[in-house]
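# Observations on the model geometry
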Amino acid sequence: AGRQSYAGARVDEAALRAVAAGHPGHPLATAALLRLADKLQREGKGAVAAYDAAAANDPGETRAGQALRWRARLYAGLLAQAQGDATAGRRLAEVAEAAGAPEALRGPAFLALARASLAAKDAAGARSWLDKMDRLLGPNHPWREEQRRLIASEPALRPSAPKAP
């Protein structure tokens, strides 16, 4: 019954809220809340709180449910950053540094933190986030190419030429 109600909810706000309320602690509730947050974000409405609500629903230890929660946390952080919210750095760092978060979500958090450091004219901070990204995600993480493009686009992040003796 839960899957049918979720499938029938489409993007109707009341129906998505009803699915979430009817299935607390279930991945369907998290999915419904995440879908609602995405809808609100597309409409330019207060989506950070909606992403927070999706992240707060505990779907148990299912991989899918936990991945949805981490996605909600990432999107809340990215949206907070876009809005200039002072909590953005903390939100993104929680995703980036969490060993339990999927690498596919940790990478964008690290990159957003590095870009924010660059925007604040803090190349050392950006380099620190990129170095941490390599340490925590390993040398072949899925965001490697995006990381390389960022480094190539920003002279302050490029390795220095060796100094002459």
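Residues numbered from 1 in each chain as written. Predicted model: local features only at pLDDT ≥ 70, side-chain atom pairs only at ≥ 80, totals over all residues. Heavy atoms only, no water.

### Some details on the environment of Pro142
Rule in force here: Numbering of helices and strands runs from the N terminus, with a helix taken as a DSSP run of H or I at least four residues long and a strand as a DSSP run of E at least two residues long. Any residue under 20% of the maximum accessible area for its type is buried, any over 50% is exposed, and the rest in between are partly exposed; the area is computed with a 1.4 Å probe on protein chains only. We call two residues in contact when some of their heavy atoms are within 4.5 Å.
Relative to the helices and strands, Pro142 resides in the loop between helix H8 (123–137) and helix H9 (144–153). Pro142 gets classed as exposed once you look at its relative accessible area, which sits at 54%. Distance in space between the C-alpha atoms of Pro142 and Pro108 is 10.0 Å, their sequence separation being 34 residues. Apart from residues lying up to four places away in sequence, Pro142 is in contact with Glu103 and Ala104.

### So, helix H7 (residues 103–119)
Operational definition: Multiply 1.5 Å by the residue count of a helix minus one, and that product is the helix's expected span.
With 17 residues, H7 should cover 24 Å at 1.5 Å per step; its first-to-last C-alpha distance of 24 Å lies within 8% of that length. Counting buried positions along H7 yields 12 of 17 residues, so the element is predominantly enclosed. When H7 is considered as a whole, its buried residues turn out to be Leu105, Arg106, Gly107, Pro108, Ala109, Phe110, Leu111, Ala112, Leu113, Ala114, Ser117 and Leu118. Summarising the contacts, the buried residues of H7 are in contact with helix H5 (63–82), helix H6 (88–96), H8 and H9. Following H7 by one or two positions, Lys121 has its phi on the positive side, about 60°.

### Brief notes about the packing of H5 against H6
Our working definition: Angles shown run from 0 to 180 degrees and are taken between the N-to-C directions of axes, each axis being a line fitted to C-alpha atoms and, for helices, limited to the stretch in contact. Working definition: roughly parallel below 35 degrees, roughly antiparallel above 145 degrees, roughly perpendicular at 65 to 115 degrees, and oblique for all remaining angles. Handedness of a crossing follows from how the near helix is turned relative to the far one, being left-handed for an anticlockwise turn of less than a right angle and right-handed for a clockwise one.
Where H5 meets H6, the closest approach of the two axes is 8 Å, and the angle between their N-to-C directions is 150°. The pairing of H5 with H6 is recorded here as roughly antiparallel in orientation. Where H5 crosses over H6, the handedness of that crossing is left-handed. Taking contact as the criterion, the partners of Trp70, Arg73, Leu74, Ala76, Gly77, Leu78, Ala80 and Gln81 in H5 are, on H6, Ala88, Arg91, Leu92, Glu94 and Val95.

### Describing the packing of helix H4 (residues 47–56) against H5
At a closest axis distance of 8 Å, the pairing of H4 and H5 adopts a crossing angle of 160°. Considering the angle they form, H4 stands roughly antiparallel to H5. Here H4 runs over H5; the crossing is left-handed. Between H4 and H5, the residues in contact are Ala47, Val48, Tyr51, Asp52, Ala54, Ala55 and Ala56 and Arg69, Arg71, Ala72, Arg73, Tyr75, Ala76, Leu79 and Ala80, respectively.

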